[in-house]
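If you want the building blocks of each chain, they are given just below.
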Amino acid sequence: MVESMDSWDVRLARIEQRLARIERRLDMATDVQVPPTQASIAADTVTITTETGMRFTSLLGRTSLVLAGAFLLRFITQSGSVVPVVGLSLGAVYALSWLWLANRSGQERLSATFHGATSALLSIPLIIEALFTFHILTPVLAACAITATTTAYLTVAYRRALRTVAWLTVIGTMAALMVMAFRTHQIALFVLPLSLLALGTTWMGYSKSWRWLRWPCALSLDFLMLVGYRLPKSESSGLFEPFSIPIAQAIALAIPALFLILFRIIQASGRPTRLFAYIQGIAICAIGITGASVLTPIGISSTWVALMALLISAFSFHWSFSVPEDPQAGRLAGILGLMTLLFSALSAQNVAAWGLVICSLLLLALARSYQRADLHLHIAVSLTAAAFFANLIVWTAKILSQGPMGPSPEWMAFLPAMAAGVCYGVFIANPPDVMHWTERAARSLTLLLLVSGICVALVFGLFQVIASLMTASVAHGHLVVITVGAAASIALVLLGRRDTLRECVWLSPLVLLVLGAKLILIDLRSGTELTLFCEFALLGLALMVTAKLRKKTVPPGQPLEGT
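Now for a description of the structure that goes with this document. Everything numeric here is computed off the predicted structure, so don't read it as measured data.

1. Structural notes on the pattern of salt bridges
Here comes step 1: Within the structure shown, the criterion is met by three salt bridges.
Here comes step 2: For Arg-443, the salt bridge is made with Glu-503, and the minimal N-O distance between the two is 3.1 Å. One end of the pair, Arg-443, is in helix α18 (residues 437-469); the other, Glu-503, is in helix α20 (residues 502-526), with 60 residues separating them in the sequence.
Here comes step 3: You can call Arg-443 buried: its relative accessible area is 3%.
Here comes step 4: Glu-503 sits in the buried class, given a relative accessible area of 1%.
Here comes step 5: Note that Lys-518 is salt-bridged to Asp-523, the shortest N-O span being 3.1 Å. One exposure class covers both Lys-518 and Asp-523, and it is buried.
Here comes step 6: By sharing partners, the salt bridges in this structure join Arg-440, Arg-443 and Glu-503 into a single network.

So this is what it looks like as structure tokens:
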């Protein structure tokens, strides 16, 4: 019996040891972190999505209640229960209160967006109704009201980074301004708030990276100015009320200047100018300057418009030379300066040739001082425009089509050619180590102007000599043109033997091509057998001589340039 009791004690001790080991294992198992299962993750996601949906639905319901309150105020006002001024004032306070709540929403971006969007949907139509339905606001007051309202909404949107509110404000304001401008026929008045909106969204587009926000504003401004300043002049008295015509012209010129100043400020702040600056800068300069020029018969003179446009061009070129560390901004400013220079020439065509020649020579001096070879093409384009205004291009076309019959051109026609000769001499005296295509194009264009001026002068001079010796006819005039052109093509190839004058070799085939087209299309109908024999012979000799000279000019194994 004693032995059996001892065996039971041993068994109980073993059982207690096993229970102790089991308890220790259970304690260790409860300390281990169990990873979340897919079911728990899905449950959390469903909870978050549900909370967001409930929040969104709640905000939609609140917006509906806000709109219901707005319609109640409208009903009270239209029923005559309150004076329209009081009703509209209450509506304005009601709408702006929700903007104040949007600004006070803090980090709750969704709530702030709903409050701001609802407020914008209430405020902008309220201004239109005050102008057209209740006739409380005049067009001037309506323009001031929508400017102040839009400024407030965009300020809140900018501070709280509410892109949706900014988009709704911009779209609503543009639509309201278009409606008010075309219904009141006072285009210039509503161009002002639209220009401020375009300038503001341009700044926001660069500072907040809201790049697409600036495009609709800029395009709508361009459209409204283009329509307003291009309508018939008989309607202009109504289009620009309450401003006078000179003030309307000043507005048209001030808007491009403000855009260029803004682009300069943006570039100076370290933000790169982008494609928008190229497109909008050129478009607004073209529309503004030409729009002011259209009104010169009934406003300020074309000379004053040209001078103000020239100031804008000078600002652009100053910007171009003041940013050597940013070549892209310098090129943009140079293009804008060239465009405004050409538009200023269109405004004062009587002195355009003189002005463009002087500006081209000034640009040449500045390009050399600042080592800006990229401006050579601007110089060549300016000289080409000067040749157009001085009628050098017209005289060149005349002798090709009709011959040197009639009066000779005045010396003023050769002024752009002389300036082109000066510029070309400076170009070839300072050849770059590596020539960009813009520099090559500038050299070729200035050389073409120089050759055109020399050929026109030689044709008229030689024809006057022949006319003094014999009775000269149209056929003799065409023969003189072919003779001078053939000699010019040979001289160009001879000059092109120098490495610094390679564009002369390229220009020679162009001269021969023009002469061949003239001979076939024009001279065959008006020439005699003897003059046609001489013309074909001279053209053939010129073709053979230039081909032989070009072979000697090009090293063996190298392709012929210009072919």
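Having seen it, we continue.
2. A look at the environment of Met-405
Here comes step 1: Within the element layout of this structure, Met-405 appears in the loop between α16 (392-401) and α17 (415-429).
Here comes step 2: Relative accessible area serves as the criterion here: at 28%, Met-405 is assigned to the partly exposed category.
Here comes step 3: Residues Met-405 and Val-474, spaced 69 residues apart in sequence, show a C-alpha to C-alpha distance of 6.9 Å.
Here comes step 4: Discounting chain neighbours no more than four positions away, the residues touching Met-405 are Lys-398, Phe-463, Ser-473 and Val-474.

3. Remarks on the environment of Gly-116
Here comes step 1: Relative to the assigned elements, Gly-116 resides in helix α4 (residues 109-133).
Here comes step 2: Among residues more than four places away in sequence, those in contact with Gly-116 are Ala-102, Tyr-153 and Val-165.

4. Notes on unusual backbone geometry
Here comes step 1: Of note, the amide linkage connecting Glu-241 to Pro-242 takes the cis form, showing an omega dihedral of 5 degrees.
Here comes step 2: Here Pro-242 lies in the loop between α9 (236-239) and α10 (245-268).
Here comes step 3: Residues other than glycine seldom take positive phi values, yet His-135 does so here, at roughly 55 degrees.
Here comes step 4: Summarising the element assignment, His-135 is placed in the loop between α4 and α5 (139-160).
Here comes step 5: The phi torsion at His-185 lies on the positive side, around 60 degrees, for a residue other than glycine.
Here comes step 6: With respect to the helices and strands, His-185 occurs in the loop between α6 (163-184) and α7 (187-207).

5. Observations regarding the packing of α4 against α6
Here comes step 1: It is the contact of α4 with α6, at a shortest axis distance of 9 Å, that shows an interaxial angle of 5 degrees. As far as their axial angle goes, α6 and α4 are roughly parallel. Where α4 approaches α6, its residues Ala-112, Thr-113, Gly-116, Ala-117, Ala-120, Ile-124, Ile-128, Leu-131 and Phe-132 are matched on the opposing element by Thr-164, Val-165, Leu-168, Thr-169, Gly-172, Thr-173, Ala-176, Val-179, Met-180, Arg-183 and Thr-184.
Here comes step 2: Of the residues that constitute the contact of α4 with α6, the class distribution is twelve nonpolar, seven polar and one charged.

6. Things to note about the side chain of Arg-372
Here comes step 1: On the secondary structure map, Arg-372 appears in the loop between α14 (352-369) and α15 (376-389).
Here comes step 2: Note on Arg-372: relative accessible area 14%, which makes it buried.
Here comes step 3: A polar atom in the side chain of Arg-372 sits 2.8 Å from the backbone oxygen of Ser-320.
Here comes step 4: Beyond its immediate sequence surroundings of up to four residues, Arg-372 is in contact with Ser-320, Phe-321, Gly-330 and Ala-367.

7. Concerning the packing of α14 against α15
Here comes step 1: With their axes 8 Å apart at the nearest point, α14 and α15 run at an angle of 165 degrees to one another. Classified by the angle between their axes, α14 and α15 sit roughly antiparallel to one another. Two packed elements cross with a definite hand, and for α14 against α15 that hand is left-handed. In this structure, α14 uses Ala-352, Ala-353, Leu-356, Val-357, Ser-360, Leu-363, Leu-364 and Ala-367 to contact α15, whose residues at the interface are His-376, Ile-379, Ser-382, Leu-383, Ala-385, Ala-386 and Phe-389.
Here comes step 2: Here the contact of α14 with α15 is composed, by residue class, of twelve nonpolar, three polar and no charged.

Calculation notes
- Residues numbered from 1 in each chain as written.
- Predicted model: local features only at pLDDT ≥ 70, side-chain atom pairs only at ≥ 80, totals over all residues.
- Heavy atoms only, no water.
- Salt bridge = Lys/Arg side-chain N within 4 Å of Asp/Glu carboxyl O.
- Helix = DSSP H or I, 4+ residues; strand = E, 2+ residues; numbered from the N terminus.
- Buried < 20%, exposed > 50% of the residue type's maximum accessible area, 1.4 Å probe, protein only.
- Contact = heavy atoms within 4.5 Å.
- Axes fitted to C-alpha atoms, helices over the stretch in contact; angles between N-to-C directions.
- Parallel < 35°, antiparallel > 145°, perpendicular 65-115°, else oblique.
- Nonpolar A, V, L, I, M, F, W, Y, C, P; charged D, E, K, R; others polar.
- Polar contact = N/O pair within 3.5 Å; in protein donor to acceptor, adjacent residues only side chain to side chain.
- Left-handed = near helix turned anticlockwise from the far one by under 90°.

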